[in-house]
Amino acid sequence: SQELEQSPQSLIVQEGKNLTINCTSSKTLYGLYWYKQKYGEGLIFLMMLQKGGEEKSHEKITAKLDEKKQQSSLHITASQPSHAGIYLCGAMGGYSTLTFGKGTMLLVSP
Amino acid sequence: IAGITQAPTSQILAAGRRMTLRCTQDMRHNAMYWYRQDLGLGLRLIHYSNTAGTTGKGEVPDGYSVSRANTDDFPLTLASAVPSQTSVYFCASSVTGATEAFFGQGTRLTVV
């Protein structure tokens, strides 16, 4: 079955700083989804990447897909307190449904 | 705009009791899913349904059952709850199994 490993597990950044979260798959990626979760709430869909080399942006969040490396990265520019939360990557797994990484917890300090 | 609704929001349940978590979506999505989220283990798929009338087992199906009598509803039943089923349960839906999923707000279940 497909496994997704996220790194780092958690990080604290100062407001205004940039950061990158990585998601590495054990198998070929045919589509990669990024979600954000605030504590105690459901997951919010951020973006989906389908093709190798594809890059998408939403406000200050940019995600890229590297098919050869079976990896995706999520980059946040000039972080703000509103960016705090848990970021999860997901990909189609063995049940034709989304399999998720364990998440990266982001804290943004003032 | 409702989207996907779960009930109850939270519940404390005595071990051995039967419990049904409700999930309703108004987006006419074909696929629906139940996940549980546990610290250190992430989100794990319990059961799924690709279309009304069909269901399938996910990664951790033991102790749970589901039904999909219509497009909108996908209840999850714990026949006889055990403390290891203490978790946060998320229902999700998607147009098909190959598109992004939309999640409910979750049900926090504590089995004592």
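For the structure given in this document, a descriptive report is provided here.

Criteria and thresholds
Residues numbered from 1 in each chain as written. Chains lettered and ligands numbered in written order. Predicted model: local features only at pLDDT ≥ 70, side-chain atom pairs only at ≥ 80, totals over all residues. Heavy atoms only, no water. Helix = DSSP H or I, 4+ residues; strand = E, 2+ residues; numbered from the N terminus. Buried < 20%, exposed > 50% of the residue type's maximum accessible area, 1.4 Å probe, protein only. Polar contact = N/O pair within 3.5 Å; in protein donor to acceptor, adjacent residues only side chain to side chain. Contact = heavy atoms within 4.5 Å. Disulfide = S-S within 2.5 Å. Pairing = 2+ DSSP bridges.

1. So, the side chain of S72(A)
Residues and elements named next belong to chain A.
Moving on, step 1. Here S72 lies in strand β8 (residues 71-76).
Moving on, step 2. Here S72 falls in the buried class, since its relative accessible area comes to 1%.
Moving on, step 3. Within the local environment of S72, its side chain forms a polar contact with the backbone oxygen of K64, the two atoms lying 2.7 Å apart.
Moving on, step 4. When residues no more than four places from it in sequence are discounted, the contact partners of S72 are I21, N22, C23, L32, W34, L49, K64 and L65.

2. Considering the state of the cysteines
Moving on, step 1. Following the criterion strictly, the structure yields two disulfides over all chains and no others.
Moving on, step 2. Put simply, C23(A) and C89(A) are joined by a disulfide, and their sulfur atoms are 2.0 Å apart. The disulfide joining C23(A) to C89(A) has a torsion of about 75° about its S-S bond and is therefore right-handed. Residue C23(A) is found in strand β3 (residues 19-25), and its partner C89(A) is found in strand β9 (residues 85-92); the two are separated by 66 residues along the sequence. Just as C23(A) is buried, C89(A) falls in that class too.
Moving on, step 3. Covalently, C23(B) is tied to C91(B) through a disulfide, its sulfur atoms 1.9 Å apart. Around the S-S axis, the bridge from C23(B) to C91(B) shows a dihedral of about -75° and counts as left-handed. On the criterion of sequence distance, the pair formed by C23(B) in strand β3 (residues 19-25) and C91(B) in strand β9 (residues 87-94) is long-range, its members being 68 residues apart.

3. What about the pairing of strand β4 (residues 32-37) of chain A?
All names here are of chain A.
Moving on, step 1. Where burial is concerned, most of β4 is hidden: six out of the six residues are buried.
Moving on, step 2. Both faces of β4 are covered, namely the face carrying L32, W34 and K36 and the face carrying Y33, Y35 and Q37.
Moving on, step 3. Sheet topology note: the β4/strand β5 (residues 43-49) ladder contains six bridges and is antiparallel. What sits directly across from Q37, in β5, is L43.
Moving on, step 4. Adjacent in sequence and paired antiparallel, β4 and β5 are bridged by five residues, among which G40 carries a positive phi angle near 80°.
Moving on, step 5. Note: β4 against β9, six bridges, orientation antiparallel. Pairing of Y35 across the sheet is with L88, part of β9.

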